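# Examining the three-dimensional arrangement
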Amino acid sequence: MDKHLNIFQPGMVKNTYGTGNFILMNTGKKPYLSKNLLTTIAWSINGETTYALEGSVFITGAAVKWMESMQIINDIDNIGSLALSIECNEGVYFVPAFVGLGAPYWDPYARGTIIGITQKSGKEVFARAALESIGYLSQDVLDEMKKDFKTEINEIRVDGGGSQNRFLMQFQADISGNKVTIPTISDTTALGVAFLAGLSVGFWEDQRQLESIWSSDKSFHPSITDKKRKINYEGWKKAVARSKGWVKELKDVGFVEDEL
Amino acid sequence: MKKDEKYIMALDEGTSSAKTCIFNHLGQMIGKGQIDLNQYYPKPGWVEQDPEEILNAQKKSINIALDNAGIAYPQIASIGITNQRETTVLWDKKTGKSIYNAIVWQDRRTSSTIDDLNEDNKNMIKEKTGLIPDAYFSASKIKWLLDNISNLRKKAENNEVLFGTIDSFLIYQLTGGVIHATDCSNASRTMLYNINNLEWDDELLELFKIPKNILPTVMESSELYGQTSKHFSTWNGQKYIWHR
């Protein structure tokens, strides 16, 4: 069983903020094929299999960690307040395509790109661009889900380390235009598997008991205008376009495998 | 806290840390242990981890969590595992020792294997597995290991080697080599598992030249998998029921 037990009902969406981000939508008892998202098994209990659509984003928390290891950010716990110390990203976007791009782009040749840097760009901008990238990359997947499943998303349930970052959660709500809900406990992934383990020895009786254990702590609501959301997101799309196919382009000009 | 009260243990083996959480009947977490994991980058785009280091970190986190909760091993009614998914380990069936580092899900070394697939095969993968063909999943990573580690393919064909994602590796270790299994949610990330008929797919195994005998048994997400072994008790001092 993997990390998906907080989306009990078809149509529910969750986003796990870890090393990468993994956005899943419960699609019920039948596999639902998508063009740019993965169809995957969420879990099986008592002979019944539940499927999900998934968008896997390879590098998100890992990019913040990288910034810390490069000493661009000194204190990972304060990255949120650093990001909040400026009003906007000052035109700087960070596409952390360190291992290519996953969903919905699937470009193994993309590479990490920071674009828009000026002499004025300080640590705050890098902190903000890194956190924003996590929100944008998640939004790319959410957009695809809406298109695929022809449905509106009402709520995004979140877990994982990054969900503790309030700047990021507010940004996610802003850029998606959706409500973002944090559970009371941070380790919902562990609770999910504990529940499956407990079910099989009769420690808990049925799945509904978990639904009552899962309770929300705080919700973030969108607070920016549609116009602003659209402009910021368009900027992101342009930054992504710059990061795509980089390794291929280098090979075209004569770089060999060992140099990349 | 009563000594006969029972709890559930969850092993959360992520990419950056091995965690253990202990829950009571109300779903409240009463103990937690966490040990960070190293990643190794032998070449650009390559990402590896040491399976034995993961195992040791997981063991340490279990002990920390139990101490933290102030309970003893026999009070654990059962154990569940969640893990970093596609990360690929091959290990020696007899000793349980890994043959090579784990190839982490982020690793891109097999991108060209995927690029070289023809359109028919790409479509077949998509229809059978629900996945978009990519180096992210286990299939091309297993193939890389079998193709690049000397003698490994022969050993695999001789039934001397097993494959698993980290959940399977942990189950194998904790049951003393008795149980080689995974659940269907993890199997669905190997790019070898047919999500329509819920079976390992012979055509895909043939495509990636992977012998079926190295694959784990696929079970449900909530099922009794097995029991922790005496071997397991040598490092925790007690014996208790093990399953997911």
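In the block above lies the structure referred to throughout.
Our subject in this report is the structure included herewith. The structure displayed is predicted, hence computed values, not measured ones.

Cut-offs applied
Just so you know, the residues in each chain are numbered from 1, in the order the chain's sequence is written. Each chain takes a letter, starting from A, and each ligand takes a number, starting from 1, following the order in which they are written. At least 70 in pLDDT is required for a residue's local features to be given in this predicted model, at least 80 for side-chain atom pairs to be given and counted, and no such filter applies to totals for whole chains, interfaces and linings, which use all residues. Heavy atoms from the whole structure form the basis of all side-chain values; hydrogens and water molecules are not counted. Numbered from the N terminus, helices here are DSSP runs of H or I no shorter than four residues, and strands are runs of E no shorter than two. Using a 1.4 Å probe on the protein chains alone, a residue whose accessible area is under 20% of its type maximum counts as buried, one over 50% counts as exposed, and one in between counts as partly exposed. The definition of a polar contact used here is a pair of N or O atoms within 3.5 Å, where within protein one atom must be able to donate a hydrogen and the other to accept one, and adjacent residues in sequence count solely through side-chain atom pairs. The contact criterion used throughout is that any non-hydrogen atoms of two residues lie within 4.5 Å. Here a strand pair is declared whenever DSSP counts at least two bridges between the two strands. Angular values range over 0 to 180 degrees, each being the angle between N-to-C directions of two axes fitted as lines to C-alpha atoms, with helices fitted over their stretch in contact.

## Examining the side chain of Thr-15 of chain B
Within the element layout of this structure, Thr-15 of chain B appears in the loop between strand S1 (7–13) and strand S2 (17–23). For Thr-15 of chain B, a relative accessible area of 8% corresponds to the buried category. Among the polar contacts made by the side chain of Thr-15 of chain B, one reaches the side chain of Trp-105 of chain B at a distance of 2.9 Å. Once residues lying within four places of it in the same chain are set aside, the contact partners of Thr-15 of chain B are Thr-19 of chain A together with Leu-37, Gln-39, Gln-49, Gln-84, Val-104 and Trp-105 of chain B.

## Here we look at the sheet that holds strand S5 (residues 76–83) of chain B
All names here are of chain B. The mixed open sheet is built from four strands, whose spatial order is S3-S2-S1-S5. Edge positions in the open sheet fall to strand S3 (29–36) and S5, since each of these has one partner strand only. Neighbouring strand axes in the sheet, compared pairwise and without regard to direction, differ in orientation by 15 degrees on average. Examined bridge by bridge, S1 and S2 share six bridges and lie antiparallel to one another. For Met-9, the partnering residue across the bridge sits in S2 and is Ile-22. Sheet contacts for helix H1 (residues 51–69): S1, S2, S3 and S5; angle to S3, the most-contacted strand, approximately 150 degrees.

## Considerations on the pairing of strand S2 (residues 21–28) of chain A
Residues and elements named next belong to chain A. Most of S2 is tucked away: eight of the eight residues are buried. Pairing of strand S1 (residues 13–17) with S2, which is carried by five bridges, proceeds in the antiparallel orientation. Its bridge partner being in S2, Thr-16 is matched across the sheet by Phe-22.

## A closer look at the environment of Lys-29 of chain A
All names here are of chain A. Looking at where Lys-29 falls in the secondary structure, it is placed in the loop between S2 and strand S3 (38–45). Its relative accessible area of 47% is what places Lys-29 among the partly exposed residues. For the pair Lys-29 and Ile-41, spaced 12 residues apart in sequence, the C-alpha separation works out to 9.6 Å. Not counting the four nearest positions on each side in its chain, Lys-29 is found in contact with Glu-48, Thr-49, Thr-50 and Tyr-51. Engagement of the side chain of Lys-29 in a polar contact is seen with the side chain of Glu-48, the distance being 3.4 Å. Separated by 3.1 Å, the side chains of Lys-29 and Thr-50 make a polar contact.

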